[in-house]
Amino acid sequence: MTSLLTPRSRAENPEAPVPAMAPSAAAGFRQQARRRWVRADFITFLGWLSPVAAVSLWLAYGGASGFGSFAAATTSIGIVAGLISMDLVLLMLLLAARIPFIDNTLGHDRAIEIHKSLGKPALYLLLAHGLFIAIGYGAAEGLDPISESVSLWVNVPDMWLAYISALLFVAVVVTSLVAVRRRFPYEFWYAVHLLTYAAVATSIPHQFSVGGLFAQGTWQRWYWLALCMATGSALLYNRVLEPLFATFRHQVTVSRVVRVSKDVFSIEMTGLHLDELSGSGGRFFFWRFLAPGFWWQPHPFSLSAEPIPATATMPGKLRITVRILGEGTARLARLKPGTKVAIEGPYGMFSTAARSRKHVVMIGAGIGITPLRALLESTPFEPGDATVLLRGHDENELFLGQEIMAIAEARGVTLYHLTGPRSPKSGSWLPHSAQQAGFTLASYAPHIAEADVYVCGPAGWAGKVIDDVKAAGVPAEQLHYERFDW
């Protein structure tokens, strides 16, 4: 059933039936979710095990004997801080490497969130490493920490690289702070952020050449070699080689740009082997349009329609829908047909892969409606098991709304257009008229506690929706909201 009518308040109709969930129909999704939770626990376990293993190996190869004096103890503390710091940096790189196992388990935004959370601890430990090493070495040689630092720079091979590495890490963390990022365009801080790779590269030599820390033939040496090589290989394959393979294999080309509204347009593209991307509706790609002035900037956009594989008479088709939010997105409206496109992805968990329940509720606003349109087209459900709420100031802001209505009618979806201004006092995401009538989220989706809930829209608005979803009794594992993060 498709409905554009205002629902009755649950307070007015407390006996309204809540759709029952058939256990047999939900078993597949629940099993899928259990496997994903097991993988998430495994990733978490490895994340904690990694620094523990690093310190344990150091202790096993004589590190425990390094606490006999003030100088030795201080030096040992510095070594431990350095080991944990380097381990955290490599974990950060792995989380940002877009490894499918991690991305399909945690989701791209969750992986990047953890990546960011490790930045400050890694930097603080790195600075502690330098400070305690300078104090410990200086105490052993009768020098103050500053004089010892200068001596290490001048006299110890590869140590100057370690100093440069520390400066680069400081630059990366400082430019990643939200307050700083807002002062510069994305291109500036992204270029600086790439210095992470240079920081890691310059930090490695002194670990193997100074003080015999990773002596030949020790498990400690093999551990760090393996970790560094695995991280480098993951980055090279998933961030460089795989996107190149995907670009050449799919041969994506802009076919036309279609205006949806005054500030929204769709970019339609053709390509090869798009059947390999089926089921990607709702997920996002990084798109790099290979034309003068465009090629250097990747754009993270979700598909706004499920990929259409080629037939004997028609090429395969892809589509993204873009809202103009600045000069960068405005220029994309001027793309010419025939422009080649480099692609990376698909990424994220905003897809059927996140499902754990039979019922599904989708809530979108603004340009966030467009990924829901693709997900609605591709994710499986029985008629009556899906509810879609589209929010906009008016009907003109319900982008692709007519397409969603057609899909809803064909698939038996309950669809609500929630239009009108919000109440400035209540802070609710619902229209003021709905609040006045006593409607709540449960009025539109009475079965929401037994559903997977997908939310997509502006961050502030989405935060209010998520609060309501949680208040309605939806567990965290059934709530799916993914931010595009670089």
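Before any of the text, the structure's been laid out above.
Report follows, based on the coordinates. Model, not experiment: these values are computed from the prediction.

## Considering the overall build of the chain
Within the chain, the secondary structure is distributed over 17 helices and 11 strands. Considering the chain as a whole, with its 486 residues, one finds that 50% of them fall into the buried category. Considering only intrachain contacts with a sequence separation of at least 6, the fraction spanning at least 24 residues in the chain is 74%. A total of about 22700 Å² of accessible surface is found on the chain, and carbon and sulfur atoms cover 65% of it.

## Here's the deal with the packing of helix H2 (residues 70-95) against helix H5 (residues 119-141)
As a packed pair, H2 and H5 sit with axes 7 Å apart at the nearest point and diverge in direction by 155°. Overall, the two elements H2 and H5 adopt an arrangement that is roughly antiparallel. Note on packing geometry: the crossing formed by H2 with H5 is left-handed.

## Some thoughts on the pairing of strand E8 (residues 386-392)
The buried fraction of E8 is high, at 7 of 7 residues. Of the two faces of E8, the one lined by Ala386, Val388, Leu390 and Gly392 and the one lined by Thr387, Leu389 and Arg391 are each fully buried. Of the pairings in the sheet, the one linking E8 to strand E9 (residues 414-419) comprises 6 bridges and is parallel in character. For Gly392, the partnering residue across the bridge sits in E9 and is Thr419.

## Notes on the sheet that holds strand E6 (residues 341-347)
Spatial ordering of the open sheet is given by E4-E3-E6, a layout of 3 strands whose pairing is antiparallel. Since the sheet does not close on itself, it has two edges, and those belong to strand E4 (299-302) and E6, each with one partner. Averaged over neighbouring strand pairs, the angle between their axes works out to 30° when direction is ignored. Here strand E3 (residues 284-289) pairs with E6 via 5 bridges, running antiparallel. Its bridge partner lying in E6, Arg288 is registered against Ala342.

Definitions and cut-offs
Per chain, residues are indexed from 1 in the order of the written sequence. Local features in this predicted model are restricted to residues whose pLDDT is 70 or higher, and side-chain atom pairs enter the listing and the counts only when it is 80 or higher, whereas totals over whole chains, interfaces and linings include all residues. Side-chain descriptors were evaluated using all non-hydrogen atoms of the structure, hydrogens and water having been removed beforehand. The secondary structure listing takes helices from DSSP runs of H or I that are at least 4 residues long and strands from runs of E that are at least 2 residues long, numbered from the N terminus. Accessibility here uses a 1.4 Å probe with only protein chains present; expressed as a share of the type maximum, an area under 20% marks a residue as buried, one over 50% as exposed, and anything in between as partly exposed. Two residues form a contact once any of their heavy atoms are found within 4.5 Å. A 1.4 Å probe and the Shrake-Rupley method give the accessible areas. Residues count as covered only by the protein chains that appear here. Working convention: axes come from line fits to C-alpha atoms, limited for helices to the stretch in contact. Angles between N-to-C directions cover 0 to 180 degrees. Small angles under 35 degrees read as roughly parallel and large ones over 145 as roughly antiparallel, with 65 to 115 read as roughly perpendicular and the rest as oblique. Each crossing gets its hand from how the near helix is turned against the far one by less than a right angle, where anticlockwise is left-handed and clockwise is right-handed. Only strands that DSSP links by at least two bridges are regarded as paired with each other.

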